[in-house]
Amino acid sequence: MTSGTMERVTTREAAGATRTTVVPSAGAAAGAGAAGGAAPAANKMVVSDLNLYYKEFHALKDVSLTFPENQVTALIGPSGCGKSTLLKSLNRMNDLVEGCRVEGSIMLDGSDAYRDVEVNDLRRRVGMVFQQPNPFPMSVYDNVAFGPRTHGIKKRAELDEIVEQSLRDAAIWDELKDRLKKNALGLSGGQQQRLCIARALAVRPEVLLMDESTSALDPISTAKIEELVAELKKSYTVIMVTHNMLQALRVSDKTAFFLLGEMVEAGDTDTIFTTPSDPRTADYVAGRFG
Ligand SMILES: Nc1ncnc2c1ncn2[C@@H]1O[C@H](COP(=O)(O)OP(=O)(O)O)[C@@H](O)[C@H]1O
Ligand SMILES: [Mg+2]
């Protein structure tokens, strides 16, 4: 884990991006970061007593949840229970929704995401991949270079390196290296989604939010993205919404179950699926509703 993180910082510095303090602050958040022992994972993000309203509608109710660093956390629950709302609140996408009000706190590496972190910086550090692949109508290369360019990186050699590394990290370099100039809209759905992951990685985020990012894909593309997520968690903290119980079991370390805006229960994925403490969780993971 440490070497992966260190590499990431080096890359970020090489890319000329501004943020360089990820590792020390994450380490500090670990608290008793044990001398050589198996210290528990630091919490990359911490949600405390979160209440979110869309005008009068109370969409998230007293949600408290931690997201351990370099782990995959799955958010599960029936449609409309607030999974996407929570995901969007983590990088303040809800700021764009009129009438949306947030109470409580969301911390990123110990800093308040709503008060102490500048919103553009927050969205760079906490990237998002959506349900439908949404590449921009431009070349593969320009899709991946888009974010770095908006952050001021102009040198061709530097962009080339970021594009290649991001496509490699998204496990699609070999498929696309000879098609960098082709329009991204001509790719298959599965390729488009991995391209969107590469585009998200190109600005060197620390947290990756995935909102049902495989639900529009065929089983083979889904399997590729699941494999990719297992690889990505070595360098990133991943938070994924999924309707696929088997996917949550295969991919996630931690699972949180939501119902009607409340977080019913969270814990180790194995525990949530085998011996949950709340009967509603048991019913849901057994497929008895939802
Ligand atoms: N922009 C919005 N304005 C008003 N209500 C919304 C908005 N977005 C979501 N909601 C409502 O909030 C609840 C949670 O939605 P959502 O987070 O999308 O659920 P999920 O992702 O679990 O299916 C739903 O009742 C939904 O209708
Ligand atoms: Mg949703």
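To be clear, the structure that these remarks concern was listed above.
Residues numbered from 1 in each chain as written. Chains lettered and ligands numbered in written order. Predicted model: local features only at pLDDT ≥ 70, side-chain atom pairs only at ≥ 80, totals over all residues.

Asker: Requested: an account of the sheet that holds strand β9 (residues 254-259), with residues and values cited.
Answerer: Within the open sheet, the 6 strands sit side by side as β6-β7-β8-β3-β9-β10. Their pairing is mixed. Either end of the sheet is taken by a strand with one partner, and the two such strands are β6 (126-129) and β10 (262-268). If you compare each strand with its neighbour and ignore which way they point, the axes differ by 20 degrees on average. Where strand β3 (residues 72-76) lies against β9, 4 bridges are found, and the strand directions are parallel. (Pairing = 2+ DSSP bridges. Helix = DSSP H or I, 4+ residues; strand = E, 2+ residues; numbered from the N terminus. Axes fitted to C-alpha atoms, helices over the stretch in contact; angles between N-to-C directions.)

Asker: Describe the site of ligand 1, with residues and values.
Answerer: In the neighbourhood of ligand 1, the contacting residues comprise Tyr54, Phe57, Ala59, Gly77, Ser79, Gly80, Cys81, Gly82, Lys83, Ser84, Thr85 and Val97. The leading source of residues in the shell around ligand 1 is helix α3 (residues 83-90), at 3 residues. Partitioned by chemical class, the residues of the shell around ligand 1 number 5 nonpolar, 6 polar and 1 charged. (Near = placed C-beta within 6 Å. Nonpolar A, V, L, I, M, F, W, Y, C, P; charged D, E, K, R; others polar.)

Asker: Please give an account of the packing of helix α5 (residues 140-150) against helix α8 (residues 189-201) that cites residues and values.
Answerer: Running from N to C, α5 and α8 cross one another at 30 degrees; their axes reach a closest spacing of 7 Å. The orientation of α5 relative to α8 falls into the category roughly parallel. Taken as a pair, α5 and α8 cross one another with a handedness that is right-handed. Where α5 approaches α8, its residues Val140, Asn143, Val144, Phe146 and Gly147 are matched on the opposing element by Leu195, Ala198 and Arg199. For the contact of α5 with α8, the residue count by class is 5 nonpolar, 2 polar and 1 charged. (Parallel < 35°, antiparallel > 145°, perpendicular 65-115°, else oblique. Left-handed = near helix turned anticlockwise from the far one by under 90°. Contact = placed C-beta atoms within 7 Å.)

Asker: A description of the pairing of β3 should follow, citing residues and the corresponding values.
Answerer: Within β3, 5 of the 5 residues are buried, which leaves it mostly tucked inside the rest of the structure. Of the two faces of β3, the one carrying Val72, Ala74 and Ile76 and the one carrying Thr73 and Leu75 are both buried. Sheet analysis places β3 next to strand β8 (residues 237-241), joined by 4 bridges and oriented parallel. By the bridge assignment, Ala74 is partnered in β8 with Met240. (Buried ≥ 20, exposed ≤ 12 C-beta atoms within 10 Å, placed from the backbone.)

Asker: Before we move on, could you go through the sheet that holds strand β5 (residues 111-112) and cite the residues and values that matter?
Answerer: The antiparallel open sheet is built from 4 strands, whose spatial order is β2-β1-β4-β5. At either margin of the open sheet sits one strand with a lone partner, and together these are β2 (57-68) and β5. Pairing of strand β1 (residues 43-54) with strand β4 (residues 100-108) involves 8 bridges; the strand directions are antiparallel. Bridge pairing links Ser48 to Ser105 in β4.

Asker: Run through α5, naming residues and quoting values.
Answerer: For α5, every residue scored as buried is listed here: Val140, Asn143, Val144, Ala145, Gly147 and Pro148. Residues of α5 that are buried sit in contact with α6 (156-169), α7 (173-176) and α8. Gly152 sits one or two positions beyond α5 and adopts a positive phi of about 95 degrees.

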